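If you want the building blocks of each chain, they are given just below.
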Amino acid sequence: MSHTKSILRYPGGKSSLSKFVSHLLTINHLDKGIYCEPFSGGAGISIDLLLSDTVKSIILNDLDISIFSVWNAVLNETEHLIDSIINTPVTIEEWHKQREIYLQHCNDEHYSFELAYATFFLNRTNRAGIITGGPIGGLKQTSKYSIDCRFTKQTLIKKISQIASKKDKIHLYNFDASELLTSVIRHIPPNELFVFFDPPYYRQGKNLYKNSFTHQDHVSLYQTIRSFDEYNWITTYDKTDEIYEIYKDLPTFTYSLQYSANVTRLEKEYLFTSPNLAVESYKNIQLYPVNNAF
C-alpha cells in the first residue's frame, strides 16, 4: 500500500504516481510551478507535491460537493474538524448517524461542515473509502478488521494540520472540470502550469463515484482538453477500447496501477499526454507505448 499525505482514501487514487509526476515536472522544467487536478478526489499527488515544496501552489477542484466540503473544512474550519475527530466515537452507531447526515446533505448545492465531516467519517470507515459502501468489518463487526482501523486519530490530525499550514498555497474550487479550465486555467501562462486529469473510470465510475460520466461526457472532456494543447498535461483512464478510440490521436501509454476497491490487484491503465510533453518511465511507473501518434 502506498503511503499518502492525503486524509482521504480514494478508489482509483493515484498517490503511487507521485514520484513519477514529480519527475515529469522536473524534466519539463515545471517544478516550482503550479500543479492542478481538475478531478481532485483524495488529492494525494497534489498534497505530496505541495508539502515537499516541489511546486509553489496547487489547484484542487471537485464537482462532488461532499468531496469539496471535506477540503474546505480542512482549509477553513481546521480546528472544528480536529475537535470533531477527537470527540467523535468511531463505532457502528456513529457510522449510522454520519451516514444519515451524508444522505441528507449529499445533494446540497453549498458547503456545510456537517456534510464535510460525514463524508470524511464515512471515507475513513468504509471499505476502500467508498462513501456509499459498507463499513469496514461489516455491520456486525465480525471481521478481523474493525471499523476504526483506518481512523487513526492522531495521524489524521497531524495530516490535517500539515495541509492547513499551506492553505495560502491551495486554491480550491467546486466546478465542472470544463468550467475550471475555461474560467481559471486559461488565465495561467502555459509555462507555469501542469495539469493532471484523472476523470471517473469509464467502466466502474458509476460504482465508485457520485459524479460518473456518460460516454458523451468522456468525449466532451476530451474535446475540451484538446483545446489546451499548448499546456502541459497528462490524462489517466481505465484501459478500455472506448477510451482508446476517443484519445488515440494523442501519445498513448499503458502502465500498471494497484487497485484496492475490492480485492487488491494490479491493472493496466492508459496514460495520454499533451502533444509536446517529455515523458519517460520513472521509479515504480513503467510506461509502455501504445502508438506513435507524435
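Residues numbered from 1 in each chain as written. Predicted model: local features only at pLDDT ≥ 70, side-chain atom pairs only at ≥ 80, totals over all residues. Heavy atoms only, no water.

Peer 1: Help me out: how do you make sense of helix H7 (residues 153–164) in this one?
Peer 2: Along an α-helix, a turn takes 3.6 residues, which lines up residues three or four apart on a common side. In this model, H7 (12 residues) spans 16 Å end to end at C-alpha, consistent with the 16 Å of a helix rising 1.5 Å per residue. Those residues of H7 not exposed but buried are Leu-156, Ile-157, Lys-159, Ile-160, Ile-163 and Ala-164. For H7, the arc enclosing every buried residue in end-on projection is 160 degrees, short of the 170-degree limit, so these residues lie on one face. Those residues of H7 that are exposed and aimed more than 90 degrees away from the buried face are Gln-154 and Lys-158. (Helix = DSSP H or I, 4+ residues; strand = E, 2+ residues; numbered from the N terminus. Expected span 1.5 Å × (residues − 1). Buried < 20%, exposed > 50% of the residue type's maximum accessible area, 1.4 Å probe, protein only. Arc of directions from axis to C-beta.)

Peer 1: Explain the packing of aromatic side chains to me, please; I cannot follow it from the model alone.
Peer 2: Any aromatic ring pair is given by two values, namely how distant the centres are and how the planes are angled relative to each other. Evaluation of the coordinates by the stated rule reveals 15 aromatic pairs. Ring centres 5.9 Å apart and planes at 70 degrees place the aromatic pair Phe-39 and Phe-213 in the edge-to-face group. In this pair, Phe-39 is assigned in the loop between strand E1 (34–37) and helix H2 (44–51) and Phe-213 in the loop between helix H9 (205–208) and helix H10 (215–226), connecting sequence segments 174 residues apart. By relative accessible area, Phe-39 is classed as buried at 17%. (Phe/Tyr/Trp six-rings, centres within 6.5 Å; stacked < 30°, edge-to-face > 60°.)

Peer 1: I'm lost on helix H3 (residues 65–76) in this one. Help?
Peer 2: In a regular helix each residue adds 1.5 Å, so 12 residues correspond to 16 Å; H3 covers 15 Å between its end C-alpha atoms and thus fits that length. Among the 12 residues of H3, 11 are classified as buried, and the element is accordingly described as predominantly covered. Looking at H3, one finds that the buried residues are Ile-65, Ser-66, Ile-67, Phe-68, Ser-69, Val-70, Trp-71, Asn-72, Ala-73, Val-74 and Leu-75.

Peer 1: Quick question: what am I supposed to make of the environment of Ser-66 here?
Peer 2: In this structure, Ser-66 sits in helix H3. When the C-alpha atoms of Ser-66 and Ser-84 are compared, they prove to be 17 Å apart, with 18 residues separating the residues in sequence. Excluding residues that lie within four positions of it along the chain, Ser-66 makes contacts with Tyr-102, Leu-115 and Thr-119. (Contact = heavy atoms within 4.5 Å.)

Peer 1: Would you take a moment to explain unusual backbone geometry for this structure?
Peer 2: In terms of backbone geometry, most residues other than glycine have negative phi values and most peptide bonds are trans. Not every positive phi belongs to a glycine, and Ala-128 is a case in point at roughly 60 degrees. A positive phi angle is found at Lys-283, which is not glycine, with a value near 55 degrees. Looking at the element boundaries, Lys-283 is found in the loop between strand E7 (265–273) and strand E8 (288–289). Taking the relative accessible area as the measure of exposure, Lys-283 reaches 54% and is therefore exposed.

Peer 1: Help me out: how do you make sense of the packing of helix H4 (residues 78–87) against H7 in this one?
Peer 2: Two quantities define a packed helix pair, namely the angle between the helix axes and the distance between the axes. Contact pair H4 / H7: the axes reach a minimum separation of 10 Å and the direction vectors enclose 175 degrees. The angle between the axes of H4 and H7 places the two elements in the roughly antiparallel class. Contact residues: H4 offers Thr-78, Leu-81, Ile-82, Ile-85 and Ile-86, while H7 offers Lys-153, Ile-157, Ile-160, Ser-161 and Ala-164. Its residues assigned to classes, the contact of H4 with H7 comprises 7 nonpolar, 2 polar and 1 charged. (Axes fitted to C-alpha atoms, helices over the stretch in contact; angles between N-to-C directions. Parallel < 35°, antiparallel > 145°, perpendicular 65-115°, else oblique. Nonpolar A, V, L, I, M, F, W, Y, C, P; charged D, E, K, R; others polar.)

Peer 1: How should I be thinking about the pairing of strand E2 (residues 57–61) in this particular structure?
Peer 2: Each regular strand shows side chains that alternate between the opposite faces of the sheet. Here E2 lies mainly inside the structure; 5 of its 5 residues are buried. Side chains Ser-57, Ile-59 and Asn-61 of E2 all project onto a buried face; the interleaved residues Ile-58 and Leu-60 project onto the opposite face, where all are buried too. Regarding the hand of the β-α-β motif, the stretch spanning E1, H2 and E2 is right-handed. The sheet contact formed by E2 and strand E3 (residues 170–173) spans 4 bridges and is parallel. In the sheet register, Ile-59 faces E3, and the bridge partner there is His-171. (Right-handed = clockwise from strand over helix to strand, strands pointing away. Pairing = 2+ DSSP bridges.)

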